[in-house]
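Structural overview
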Amino acid sequence: MLFRDATLADGRVRDVRIDGESIVDVGTGLDDDGETIDADGKRLLPGMIDAHVHFRQPGFPHKETWLTGSKSAAAGGVTTVFDQPNTEPPTVDAAGYERKAELASASLVDYAINGGVTDDWAPEELLEKPIGALGEVFLADSTGEMGIGTGRYEEAVKRAHDAGVPITVHAEDAALFDESVIDRTDPDAWSAYRTAAAEIEAIRHACRVAADLGARVHIAHTSTPEGVEATSEAGMTCEVTPHHLFLSRADLEELGTFGRMNPPLRSEDRRESMLRLLADGDIDIVATDHAPHTRTEKDAGIWDAPSGVPGVETALPLLLEEARNGRLGYDRIRDVTAANVADIFGLEHGGRIEAGNRADLVLVDPDASVPIRGEDLHSKCEWTPFEGRRGVFPELTTVRGCVVFRDGEFADVAGRNVRR
Ligand SMILES: [Zn+2]
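Residues numbered from 1 in each chain as written. Predicted model: local features only at pLDDT ≥ 70, side-chain atom pairs only at ≥ 80, totals over all residues.

1. Digging into the packing of helix α6 (residues 196–212) against helix α7 (residues 225–233)
What describes two packed helices is the angle between their axes and the distance between those same axes. Between α6 and α7, whose axes approach to 9 Å, the crossing angle comes to 10°. On the basis of the axis angle, α6 is roughly parallel to α7. On α7, the residues that touch Glu-199, Ile-200, Ile-203, Arg-204 and Cys-207 of α6 are Glu-226, Gly-227, Ala-230 and Thr-231. Taken together, the residues of the contact of α6 with α7 sort by class into 4 nonpolar, 2 polar and 3 charged. (Axes fitted to C-alpha atoms, helices over the stretch in contact; angles between N-to-C directions. Helix = DSSP H or I, 4+ residues; strand = E, 2+ residues; numbered from the N terminus. Parallel < 35°, antiparallel > 145°, perpendicular 65-115°, else oblique. Contact = placed C-beta atoms within 7 Å. Nonpolar A, V, L, I, M, F, W, Y, C, P; charged D, E, K, R; others polar.)

Now the structure itself:
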């Protein structure tokens, strides 16, 4: 397959030839000996590697399944996902890993299965499995009540470091949550309760512990500029979610409990700072924390509604809309959605359009901006916190050279475990 005259992330216009699972040539005037796709005027980008999704299986198939989650991924230009361990059973031992691996084989896109840490985890057998990362390690309870103490965290960092496995941390310190707001019932109460200070302090602590052990950690879903600064000062890496880039506490009146997630939405000032840090290159990657729940589950009081929002299908489209409006460069989008992710998580031959790399590609018409509608998306939950905002969606997505999504249609292609 040949993409003719595609504009790459850095602005060069090139032909890109695929043979089998790989990109074999990037050049000009290349011969076409199979299907040729006219990419004139279009952007060809490496597929997004989403280092943080919750596809909910095993345990919660009414929220999402590997099939629906991976369709949502493919339609949003995501070609690899890292699935988090807070399923039921949790992925904390060999049996939990095997159970998830069986279900994950239904995925349309490639995937990695993360291993979790709880007080009754089985580190030896878990680390013998080809896990994507150890994490997200929860320093405070979130969906699944997997919060652990400092001693267990130190043990996890040490073991992951020794095993050469990346470790990712959900950093919030429950001791710094603001108990004085628990009588409030408005949707902003969740943001007031899970304070910015609780995240910032937990990030500093998590980075300090890792640095003392000579290890490196990756901080998940950083929602504060202070947290980003603490991470880079410690020489660690971090991610930001689309909801912390594009939504703030100012949106909670409209979103209600559908805007509840961990860490919670922050002030408009902090949101703007996060977007600036991303554009300036101070945030390493974007990961979605795709965490679907049904409408019925979300439609509850602020203290009872589950935390989490879907996002795997809208992340790249929202970023491409920023590029369309000149606020973010395509090369920066390539770095934060693909190249940097491949580097941090050790995915060889991934994240860049170069000869010899995996043919995980996304073709987009950069001007094809449309309003985002929950009913048009493919997640089982059928809603989005970005309803009515604009996004630029892919026309075509390939995973290792196979077209898995094209003009609204999905191919019947199975993804595979990238760590296998
Ligand atoms: Zn988390």
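2. Section: the UniProt feature "binding site: Zn(2+) 1" (unreviewed entry) in the chain
Per the UniProt record, "binding site: Zn(2+) 1" (unreviewed entry) is annotated on His-52, His-54, Glu-136 and Asp-289. Spanning 238 residues, the named residues form one tight spatial group whose C-alpha atoms are at most 10.6 Å apart. Assignment of secondary structure puts Glu-136 in strand β9 (residues 134–138). By C-beta crowding, Glu-136 is classed as buried, having 28 other C-beta atoms within 10 Å. Not counting chain neighbours up to four residues away, the residues in contact with Glu-136 comprise Gln-84, Thr-168, Val-169, His-170 and Ala-220. Among the secondary structure elements, Asp-289 is positioned in the loop between β13 (285–286) and α11 (295–298). Beyond its immediate stretch of four places on either side in the chain, Asp-289 contacts His-52, His-221, Thr-241 and Gly-311. (UniProt positions renumbered as here; feature names shortened; annotations may be inferred. Buried ≥ 20, exposed ≤ 12 C-beta atoms within 10 Å, placed from the backbone.)

3. Regarding the sheet that holds β13
Hydrogen bonds between backbone groups are what pair the strands of a sheet, and the pairing can be parallel or antiparallel. With parallel pairing, the 5 strands of this open sheet are ordered in space as β9-β10-β11-β12-β13. Every interior strand has two partners, whereas the edge strands, β9 and β13, have only one. Note that strand β12 (residues 237–240) and β13 share 2 bridges and pair parallel. Counted as the bridge partner of Glu-239 is Ile-285 from β13. (Pairing = 2+ DSSP bridges.)

4. Remarks on the nonpolar core
In this structure, Leu-44, Ile-167 and Ala-206 are the most contacted members of the largest nonpolar core, which totals 110 residues. Per-element accounting of this core gives the leading share, 8 residues, to helix α13 (residues 330–345). Discounting chain neighbours no more than four positions away, the residues touching Leu-44 are Phe-3, Ala-6, Leu-8, Val-16, Ala-39, Ile-353, Leu-361 and Leu-363. (Core = buried A, V, L, I, M, F, W, Y, C linked by C-beta atoms within 7 Å.)

5. Remarks on the UniProt feature "binding site: substrate" (unreviewed entry) in the chain
Under the UniProt annotation, "binding site: substrate" (unreviewed entry) lies at His-54, Phe-55, Arg-56, Asn-86 and His-293. Their sequence span is 240 residues, while the largest C-alpha to C-alpha distance among them is just 13.8 Å; these annotated residues converge on one region. Locating His-54 in the fold gives a position in the loop between β6 (48–53) and α1 (66–75). Sequence-distant contacts of His-54, defined by excluding residues within four places in its chain, comprise Gln-84, Asn-86, His-290, Ala-291 and Gly-308.

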